[in-house]
Amino acid sequence: MSRSLKVIIGIVIAIVILIALIWGAWYWFTRQAFPTTSGSVQVEGVKQPVEILRDEFGVAHIYAQNPQDLFFSQGYVHAQERFWQMEFQRRVASGRLSEIFGESTLETDKYLRHFGFQQLTEKSYAMLDDESRKVVDAYTAGINAYITDRSPAELGLEFGLLGLQGIDVEIETWRPSDSLIWAEMMIFDQSDQL
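Note that this is a predicted model, so its numbers are computed, not measured. (Residues numbered from 1 in each chain as written. Predicted model: local features only at pLDDT ≥ 70, side-chain atom pairs only at ≥ 80, totals over all residues. Heavy atoms only, no water.)

Engineer: Could you clarify how one ought to interpret the overall build of the protein chain in this entry?
Structural biologist: Counting its regular elements, the protein chain contains nine helices and two strands. For the protein chain, the sequential pattern of α-helices and β-strands runs α-β-β-α-α-α-α-α-α-α-α. The C-alpha radius of gyration of the protein chain comes to 22 Å, more than 25% above the 16 Å expected for a compact globule of 194 residues. Taken over the C-alpha atoms alone, the protein chain extends approximately 85 × 45 × 30 Å along its principal axes. Here the analysis covers contacts within the protein chain between residues at least 6 apart in sequence; of these, 62% occur between residues at least 24 apart. (Helix = DSSP H or I, 4+ residues; strand = E, 2+ residues; numbered from the N terminus. Rg over C-alpha atoms; globule rule 2.2 N^0.38 Å. Contact = heavy atoms within 4.5 Å.)

Rendered as structure tokens:
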């Protein structure tokens, strides 16, 4: 075998290995935030066994023996599948996008903060009847059960991409008012206040 053929084969092998390493790293990076959709998970906060089945479209169907476990599981599944959206909406409604995106969203934050959606939502939560408050609290506990002890990159690919840009996103404990705040934004959006 000629020397030039050996060099070409060596280069091809090196390229194949490099492509495999890049693909493997990308596969691992993008899959960190994928939800667990099979097997079983032990979660503190559930009183009785809950079954979550996914149909052919990936839609979760939750079967619980009591309302608290049902709403807890809904919060857990919601956070598992959509936490980036939830965190983004919480920050939009609270006027806190600049904590992630910097000065480019500062004017938007100022505009949204003057409406006081966070304060309105906290007042709305305080006015809920006991049964409704239990639902919101169970849902919120399910979200926290999922996000606690997970890095931002494990909560959403978007957080991982921000991390690659040097943006360290701090994920705060989810509060009951965070579960309700987007409703205030929807009311605002449907009004003629724009």
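There's plenty left to go through after this.
Engineer: Looking at this structure, I do not really get the side chain of Asn 144. What am I missing?
Structural biologist: Here Asn 144 lies in helix H6 (residues 130–147). Ignoring sequence-local partners within four residues, the contact set of Asn 144 consists of Thr 173 and Trp 174.

Engineer: When you look at the packing of aromatic side chains in this model, what are you seeing that I'm missing?
Structural biologist: Describing an aromatic ring pair means giving the distance of the ring centres and the angle of the ring planes. Evaluated as defined, the whole model comprises 10 aromatic pairs. Between Phe 115 and Phe 188 the ring centres are 4.6 Å apart and the planes differ by 55°, which places this aromatic pair in the tilted class. Taken together, the positions of Phe 115 in the loop between helix H4 (106–113) and helix H5 (117–126) and Phe 188 in helix H9 (residues 176–190) put the pair 73 residues apart, joining distant regions of the chain. Aromatic side chains Phe 117 and Phe 188 sit 5.5 Å apart centroid to centroid with 65° between the ring planes, which places their arrangement in the edge-to-face category. A residue pair is termed long-range when its members are at least 10 positions apart, and Phe 117 in helix H5 and Phe 188 in helix H9 qualify at 71 residues. Accessibility assignment for this pair places Phe 117 and Phe 188 in one class, buried. Seen from the ring of Tyr 125, Arg 133 lies directly overhead, with NZ or CZ sitting 5.5 Å from the centre. Arg 150 extends its terminal NZ or CZ atom over the ring of Tyr 146, reaching a point 3.9 Å from the ring centre. (Phe/Tyr/Trp six-rings, centres within 6.5 Å; stacked < 30°, edge-to-face > 60°. Buried < 20%, exposed > 50% of the residue type's maximum accessible area, 1.4 Å probe, protein only. Lys NZ or Arg CZ within 6 Å of the ring centre and 35° of its normal.)

Engineer: Mind showing me how you'd approach the nonpolar core here?
Structural biologist: One recurring pattern in soluble globular proteins is that nonpolar side chains are buried together. Grouped together as the largest cluster of nonpolar side chains are 15 residues, with contacts concentrated most on Phe 83, Ile 143 and Ile 147. Among the elements of the structure, helix H2 (67–94), H6 and helix H8 (157–164) are those that each provide at least two residues to this core. A total of five residues in this core trace back to one element, the largest contributor, which is H2. Residues within four places of Ile 143 in sequence aside, it is in contact with Gly 75, Tyr 76, Ala 79, Phe 83, Met 86, Trp 174 and Ser 179. In this structure, Val 92, Leu 97, Ile 181 and Met 185 belong to the second largest nonpolar core, which totals eight residues. (Core = buried A, V, L, I, M, F, W, Y, C linked by side-chain atoms within 4.5 Å.)

Engineer: Before we go on, may I ask you to explain the pairing of strand S2 (residues 60–63) in this structure?
Structural biologist: Within a regular beta strand, the side chains point alternately toward one face of the sheet and then the other, so they alternate between its two faces. Here strand S1 (residues 51–54) runs beside S2; their pairing, made up of four bridges, is antiparallel. Within the sheet, the bridge partner assigned to Arg 54 lies in S2 and is Ala 60. Taken together, S1 and the strand that follows it, S2, pair antiparallel across an intervening segment of five residues, in which Gly 58 is found at a positive phi of about 85°. (Pairing = 2+ DSSP bridges.)

Engineer: When you look at H6 in this model, what are you seeing that I'm missing?
Structural biologist: For an α-helix, 3.6 residues make a turn, and residues three or four places apart therefore share a direction. Counted at 1.5 Å a residue, the expected span for H6 with its 18 residues is 26 Å, and the 26 Å between its end C-alpha atoms agrees. Residues of H6 that are buried include every one of Val 136, Ala 138, Tyr 139, Thr 140, Gly 142, Ile 143, Asn 144, Tyr 146 and Ile 147, and no others. Buried residues along H6 sit against H2, H5, helix H7 (152–155) and H9. A distance of 3.0 Å separates the backbone nitrogen of Glu 131 from a side-chain oxygen at the start of H6, and that oxygen is part of Asp 129. Phi turns positive one or two residues past the end of H6, at Asp 149, with a value near 70°. (Expected span 1.5 Å × (residues − 1). Polar contact = N/O pair within 3.5 Å; in protein donor to acceptor, adjacent residues only side chain to side chain.)

Engineer: What should I look at first to understand the pattern of salt bridges in this one?
Structural biologist: Overall, the coordinates contain 10 salt bridges when judged by the stated rule. The partner of Glu 99 in a salt bridge is Arg 91, with the nearest N and O atoms 2.7 Å apart. Residues Glu 99 and Arg 96 are paired through a salt bridge, measuring 2.9 Å at the closest nitrogen-oxygen approach. Classification of Glu 99 as partly exposed rests on a relative accessible area of 46%. Each of Glu 87, Arg 90, Arg 91, Arg 96, Glu 99, Glu 172, Arg 175 and Asp 178 takes part in one network of salt bridges that share partners. (Salt bridge = Lys/Arg side-chain N within 4 Å of Asp/Glu carboxyl O.)

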